[in-house]
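# Reading the structure
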Amino acid sequence: TRSLTITSVDQSMFEKAQGEKVTLPCTFELSEEDEGPLDIEWVLIPADNQKREQIIIMYAVDRVYNHYYAGLTGRMQFTNLDPRSGDGSLDILNLKASDTGTYQCKVKKAPGVQSKKIQLTVLVKPARTKCSIEGSQEIGKDVTLKCVSQEGSPLLSYDWRRISGTQNLPATSVLNKNTGELLLKNASREYSGTYSCVATNRVGTDECSVELNVTPPVNTAGIITGAIIGTLLGLSVLCSIIFCFCKKHREKKYEKEVHHDIREDVPPPKSRSSTARSYIGSNRSSLGSMSPSNMEGYTKTPYSQVPSEDFDRAPTQTPAFAPSKVAAPNLSRMGAVPVMIPAQSKDGSIV
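What this report covers is the structure whose coordinates are included nearby. (Residues numbered from 1 in each chain as written. Predicted model: local features only at pLDDT ≥ 70, side-chain atom pairs only at ≥ 80, totals over all residues. Heavy atoms only, no water.)

## Structural notes on the overall build of the protein chain
Tallying secondary structure elements over the protein chain gives 3 helices and 18 strands in all. By the burial criterion, 29% of the 351 residues in the protein chain qualify as buried. Within the protein chain, residue pairs in contact and separated by at least 24 positions form 57% of the contacts whose partners lie at least 6 positions apart. Accessible surface computed for the protein chain: about 23,300 Å², of which carbon and sulfur atoms make up 54%. (Helix = DSSP H or I, 4+ residues; strand = E, 2+ residues; numbered from the N terminus. Buried < 20%, exposed > 50% of the residue type's maximum accessible area, 1.4 Å probe, protein only. Contact = heavy atoms within 4.5 Å. Areas by Shrake-Rupley, 256 points an atom, 1.4 Å probe, with all protein chains shown as cover.)

## What to know about a nonpolar patch on the surface
Among the surface-exposed residues, Ile224, Ile228, Leu232, Leu235, Leu238 and Ile242 lie close enough to one another that they form a single nonpolar patch of about 580 Å² accessible area. Mapped onto the secondary structure, Ile228 falls in helix 1 (residues 220–259). (Patch = residues over 30% accessible without salt bridge, like charges linked within 9 Å, V, L, I, M, F, W, Y side chains within 5 Å. Salt bridge = Lys/Arg side-chain N within 4 Å of Asp/Glu carboxyl O.)

## A word on the sheet that holds strand 3 (residues 22–24)
Spatially, 3-9-8 is the arrangement adopted by the 3 strands of the open sheet, whose pairing is antiparallel. The outermost strands of the open sheet, each flanked by one partner alone, are strand 3 and strand 8 (76–78). Averaged over all adjacent pairs, the angle separating strand axes in this sheet is 25°, with direction ignored. The pairing of strand 3 with strand 9 (residues 90–92) spans 3 bridges and is antiparallel. The residue of strand 9 that forms the bridge with Thr23 is Asp91. (Pairing = 2+ DSSP bridges. Axes fitted to C-alpha atoms, helices over the stretch in contact; angles between N-to-C directions.)

## Remarks on the nonpolar core
Within soluble globular proteins, side chains that are nonpolar generally end up buried alongside one another. Leu24, Trp42, Ile56, Ile92, Tyr103, Val107 and Leu120 are the most contacted members of the largest nonpolar core, which totals 26 residues. Elements represented by at least two residues in this core include exactly strand 3, strand 5 (39–45), strand 6 (54–60), strand 8, strand 9, strand 10 (101–109) and strand 11 (112–123). Setting aside residues up to four positions removed in sequence, Ile92 forms contacts with Glu20, Lys21, Val22, Leu24, Leu72, Arg75, Asp99, Tyr103 and Leu120. In this structure, Val143, Tyr195, Val210 and Leu212 belong to the second largest nonpolar core, which totals 18 residues. (Core = buried A, V, L, I, M, F, W, Y, C linked by side-chain atoms within 4.5 Å.)

## Remarks on the pattern of salt bridges
Once the charged atoms of two side chains with opposite charge are near each other, the side chains can pair. Scanning the model with the defined rule gives 11 salt bridges in all. For Lys146, the salt bridge goes to Glu181, with nearest N and O atoms at 4.0 Å. Of the two residues, Lys146 sits in strand 13 (residues 143–151) while Glu181 sits in strand 16 (residues 181–184), which places them 35 residues apart along the sequence. Each of the salt bridges in this network shares a partner with another, and the network as a whole consists of Asp62, Asp82 and Arg84.

## Considering the sheet that holds strand 5
Note: strands within a sheet are paired through backbone hydrogen bonds, in either parallel or antiparallel orientation. Spatially, 6 strands are ordered 2-11-10-5-6-7 in an open sheet, and the strand pairing comes out mixed. Only two strands of the sheet have a single neighbouring strand rather than two, namely strand 2 (13–17) and strand 7 (63–65). Averaged over all pairs of adjacent strands, the angle between their axes in this sheet comes to 20°, without regard to strand direction. Bridging between strand 5 and strand 10 involves 7 bridges; their strand directions are antiparallel. Counterpart to Asp39 in the pairing with strand 10 is Lys108.

Structure representation (structure tokens):
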């Protein structure tokens, strides 16, 4: 008995670059015996057999359902707006590396049922390829040109070429296409120029370039001698500065000790005349406030016991001030008994 058949059997594997569009074919033919409703399902078969198939889009009862798989939401659609025409192919837009997997198309129209698996591989083009030079760019040295792509699906292949002067690579060069390293042995001036590297995989290419400048060897002996001389001169200047600083510091310290050697804890000398006058003035005020009854004890106090450093000097010492006469206060008005006030004679005695 003739039944439903899938006619798109030519290609079952697709390789596409990230960001591109792919159409997974699924065309079919119905027979007269297939009288049931038409159902078309696209499912994603996981790499792990323990996991269930994931429906990504479905056509049933004249309606499209495309909300089952969030990873492809907004990026997938049926190629033909009316799958009943016999075309249930699927378009996936803006491909991502995560879209890699096995997809299966199932067509049902009772009693006919058919399916087809398609393997999709999304590859990343080489990108952000960088070129660099490793080693000394001197005559007679070995120089290595390096090339590496920051992005790109394997298998990546690298190829170097010279784009200035003679386009052929030097005869001593050794190329590793897998690592992108180009070794130039025993470099000479003729090796100088611009070199370009092309990174390639199955879905794209990327390129970078580098400038090689081979120069004569540097006079290392002269550089070392100059560095030593410069270091010695620098140390001499530094020692001179330290010596001058220390000398100046010692001079300032000596001047400070000579001109400012004063003990802060020694009180200034007292004036002799002010001491005696202060004593006499205090006694005078005391006399003025005494009553006649209190004067008797006071007049009996010997004057030789006056605590003044002016009266303890040696007999031969000449007084520093002229004798003064102190007038007795008028005590009659206050009803007090007159009292004689001691005075100092020329020989320093109290009278």
